[in-house]
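Chain by chain, the residues run as shown.
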Amino acid sequence: MVSMRHRLLSLHAAVLLSLGGIAQAPARAQAPADEAPRAALEEARKASGELVAGVRGELLKAIEASGPLRAIVVCKYSVPEIASSISRRYGARVTRVSLTPRNPALGWGDAWEQRVLMQFDERVARGEKAEGMEHHEVVSEPSGRFLRYMRVLPMQPACMHCHGPAEQISEPIRQQLAHEYPHDRAVGLAVGKVRGAVTYKKPL
Ligand code: HEC
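All values reported here derive from a predicted model rather than from experimental measurement.

Caption draft 1: Representation of helix α4 (residues 68-90). Taking 1.5 Å as the rise per residue, α4 with 23 residues should run 33 Å; its terminal C-alpha atoms sit 31 Å apart, in good agreement. Along α4, the helix axis deviates most sharply at Ser-78, where the bend reaches about 35°; the proline Pro-80 sits within four residues downstream. Within the sequence span of α4, burial applies to Ala-71, Ile-72, Val-74, Ser-78, Val-79, Ile-82, Ala-83, Ile-86, Ser-87 and Tyr-90. Just downstream of α4, Gly-91 is the residue with a positive phi angle, here 60°.

In structure tokens:
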């Protein structure tokens, strides 16, 4: 199917070129192999949205019920559970990564993810809004082709309890974080900045 479409698109481009008037074939026709199938991309968006909504829901519930100190366990235990249940359901790897992780065992991205996170930071620095920012790519690896997708997790007011500037974090939370995450790099961020991203990877 794909190669047929590829051929048709190339043919289409060749016809356009031979007719003159169009200096370049459309980018689409040049690189269809790198194009993410729309359904796969929609699935990536849906899975990432579920993770964002699941985390936000659990976090807000816990903060409301027992305060931000108790909500730390949500981030530590419930989030990885939510992420692995979504991963299983979608047959994909879905998790959260950051350039400044709190938990270095889980939160570091691979080389591709780090590059995309840097691009997100640059886009925000240039004035683009972090909310809703995303990136996707089809990548080829020795084990096959994958759809890779990332969506920014922006700093929001509710994140400040635990990721804001140190002087704005309450003493009990600061102590708890220092105790559980001696290598914490996830403080000192302002609202609107990139805290990290949801990342999704699935074989095509
Ligand atoms: C109650 C405290 C608390 C709040 C509020 C909170 N976080 Fe976190 N966050 C944590 C903890 C603790 C971890 C480390 C979890 C672990 O052990 O993997 C973490 C980890 C993360 C990670 C994974 C990468 C890393 O740094 O290890 C991201 C991304 C993240 N938080 C984003 C957010 C965003 C966005 C918000 C606001 C919507 C938020 N957090 C609110 C405590 C919090």
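Caption draft 2: View of the pattern of salt bridges. If you walk through the whole model with that rule in mind, you get 15 salt bridges. A salt bridge links Arg-45 to Glu-42, with the shortest nitrogen-to-oxygen separation between them at 2.8 Å. Here Arg-45 and its partner Glu-42 are both found in helix α3 (residues 38-66), three residues apart, which amounts to about one turn of the helix. A cluster of three or more residues bridged by salt bridges with shared partners is formed by Arg-93, Asp-110, Glu-113 and Arg-148.

Caption draft 3: Just the packing of aromatic side chains, in detail. Under the definition given, this model contains zero aromatic pairs. Between Lys-76 and the ring centre of Tyr-181, over which it is positioned, the NZ or CZ distance is 5.8 Å. Here the guanidinium or amino end of Lys-201 rests over the ring plane of Phe-146, the centre of that ring lying 4.6 Å away.

Caption draft 4: Summary view of the side chain of His-163. Among the structural elements, His-163 can be located in helix α6 (residues 160-163). The class for His-163 is buried, based on a relative accessible area of 14%. At 2.8 Å, the side chain of His-163 forms a polar contact with the backbone oxygen of Ala-186.

Caption draft 5: Region of interest: the site of the ligand. In the vicinity of the ligand lie 20 residues, with Arg-102, Cys-159, Cys-162, His-163 and Tyr-181 positioned nearest. Contacts to the ligand include His-163, whose side-chain N or O atom sits 2.9 Å from a nitrogen atom. With respect to the ligand, the side chain of Tyr-181 contributes an N or O atom lying 2.6 Å from an oxygen atom. Cavity membership is defined here by more than half of the atoms lying within 2 Å of grid points; on that basis the ligand lies in the largest pocket. For the shell around the ligand, the elements supplying multiple residues, two or more each, are α4, β3 (144-154) and α6.

Caption draft 6: Quick peek at the environment of Val-73. With respect to the helices and strands, Val-73 occurs in helix α4. We classify Val-73 as partly exposed; its relative accessible area is 42%. Along the chain, Val-73 and Leu-59 lie 14 residues apart, while their C-alpha atoms are 9.4 Å from each other.

Caption draft 7: Representation of the packing of α3 against α4 within the structure. At a minimum axis separation of 9 Å, α3 and α4 run at an interaxial angle of 155°. By the angle between their directions, the pair α3 and α4 is classed as roughly antiparallel. Considering only the axes of α3 and α4, their crossing is right-handed. The segment α3 lies against α4, with Glu-43, Lys-46, Ala-47, Glu-50, Leu-51, Gly-54, Val-55, Glu-58, Leu-59, Ala-62, Ile-63 and Ser-66 engaging Pro-68, Arg-70, Ala-71, Val-74, Cys-75, Val-79, Ile-82, Ala-83, Ile-86, Arg-89 and Tyr-90.

Reading the values: rules and limits
Residues numbered from 1 in each chain as written. Predicted model: local features only at pLDDT ≥ 70, side-chain atom pairs only at ≥ 80, totals over all residues. Heavy atoms only, no water. Helix = DSSP H or I, 4+ residues; strand = E, 2+ residues; numbered from the N terminus. Expected span 1.5 Å × (residues − 1). Bend = angle between axes of the 7 residues up to and from the residue. Buried < 20%, exposed > 50% of the residue type's maximum accessible area, 1.4 Å probe, protein only. Salt bridge = Lys/Arg side-chain N within 4 Å of Asp/Glu carboxyl O. Phe/Tyr/Trp six-rings, centres within 6.5 Å; stacked < 30°, edge-to-face > 60°. Lys NZ or Arg CZ within 6 Å of the ring centre and 35° of its normal. Polar contact = N/O pair within 3.5 Å; in protein donor to acceptor, adjacent residues only side chain to side chain. Near = heavy atom within 4 Å. 1 Å grid on protein atoms, 1.4 Å probe; cavity = no way out; pocket = protein on both sides within 12 Å on 5 of 7 lines; lining within 4 Å. Sits in = over half its atoms within 2 Å of the grid points. Axes fitted to C-alpha atoms, helices over the stretch in contact; angles between N-to-C directions. Parallel < 35°, antiparallel > 145°, perpendicular 65-115°, else oblique. Left-handed = near helix turned anticlockwise from the far one by under 90°. Contact = heavy atoms within 4.5 Å.

Honestly, it's all geometry; don't read function into it.
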